[in-house]
Amino acid sequence: MSTLTTEQIVEAIKAKSLTEIMELVKSIEDTFGVSAAAPVAVAGPAAAGPAAEEQTEFDVILKSAGDKKVDVIKAVRAITGLGLKEAKDLTEAGGVVKEAASKDDAAKFKKDLEAAGATVELK
């Protein structure tokens, strides 16, 4: 049995579509009983008060592509730099288009996607 190097595994993953990668992550989570979600820090007493800091990073989430899928795919590609197939897969499946974007960037991405006909949410 040959052992794959980390580099070979990464190269194999890079060749897959976004949908295939999402299926791979789900399979790894099920097989090893882990979660790929970012760990959530438990808020201490300082964060619980009314003086909580203003949110500075936003996730841009595509809820629906709407009727103009081609325009939305173009907008997704411009924002993410993904290839055509990956952008198409993301547009059809929905989900996070950009993570941890600044407030201004997130607002611009939302405006661009909505102008293309998509339904977008910022979190």
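Everything numeric in this text was worked out from a predicted model, so none of it was measured.

Engineer: Any chance you could explain the sheet that holds strand β3 (residues 119–122) here in plain terms?
Structural biologist: In any sheet, the strands associate via hydrogen bonds between backbone groups, in a parallel or an antiparallel arrangement. Taken in spatial order, the 3 strands of this open sheet run β2-β1-β3, and their pairing is antiparallel. One side of each edge strand has no neighbouring strand; the edge strands of this open sheet are β2 (95–102) and β3. When strand polarity is set aside, the average angle formed by the axes of neighbouring strands in this sheet is 25°. As paired strands, strand β1 (residues 57–64) and β2 are joined by 5 bridges and run antiparallel to one another. Bridging from a neighbouring strand, Val60 pairs with Lys98 of β2. Contacting β1 and β2, helix α5 (residues 84–93) crosses the sheet at an angle of about 100° to β2.

Engineer: I keep staring at the nonpolar core and nothing clicks. Help me out?
Structural biologist: Soluble, globular proteins show a tendency: their nonpolar side chains are buried together. Ranked by size, the top nonpolar core spans 19 residues in total, and within it Val60, Val72, Val76, Val97, Leu113 and Ala118 carry the most contacts. Counting only elements with at least two residues in this core, the list comes to β1, α4 (69–80), α5, β2 and α6 (103–115). With 5 residues, the single largest contributor to this core is α4. If sequence neighbours within four positions are ignored, Leu113 has contacts with Val60, Val72, Ala75, Val76, Ile79, Val97, Ala118 and Val120.

Engineer: I would appreciate a short explanation of unusual backbone geometry in the present structure.
Structural biologist: Working note: non-glycine residues mostly have negative phi, and peptide bonds are mostly trans. Phi is positive for Ala100, which is not a glycine, with a value near 55°. Structurally, Ala100 is set in strand β2.

Engineer: For this particular structure, what's the right way to read the packing of α4 against α5?
Structural biologist: A pair of packed helices is characterised by two quantities: the angle between their axes and the separation of those axes. Following both chains from N to C, one finds α4 and α5 inclined at 115°, their axes separated by 9 Å at the closest point. In the crossing of α4 with α5, the sense of the turn from one axis to the other is right-handed. Facing α4, whose interface residues are Lys69, Val72, Ile73, Val76 and Arg77, α5 presents Leu84, Ala87, Lys88, Leu90, Thr91 and Glu92. Taken together, the residues of the contact of α4 with α5 sort by class into 6 nonpolar, 1 polar and 4 charged.

Rules and cut-offs
- Residues numbered from 1 in each chain as written.
- Predicted model: local features only at pLDDT ≥ 70, side-chain atom pairs only at ≥ 80, totals over all residues.
- Heavy atoms only, no water.
- Pairing = 2+ DSSP bridges.
- Helix = DSSP H or I, 4+ residues; strand = E, 2+ residues; numbered from the N terminus.
- Axes fitted to C-alpha atoms, helices over the stretch in contact; angles between N-to-C directions.
- Contact = heavy atoms within 4.5 Å.
- Core = buried A, V, L, I, M, F, W, Y, C linked by side-chain atoms within 4.5 Å.
- Buried < 20%, exposed > 50% of the residue type's maximum accessible area, 1.4 Å probe, protein only.
- Left-handed = near helix turned anticlockwise from the far one by under 90°.
- Nonpolar A, V, L, I, M, F, W, Y, C, P; charged D, E, K, R; others polar.

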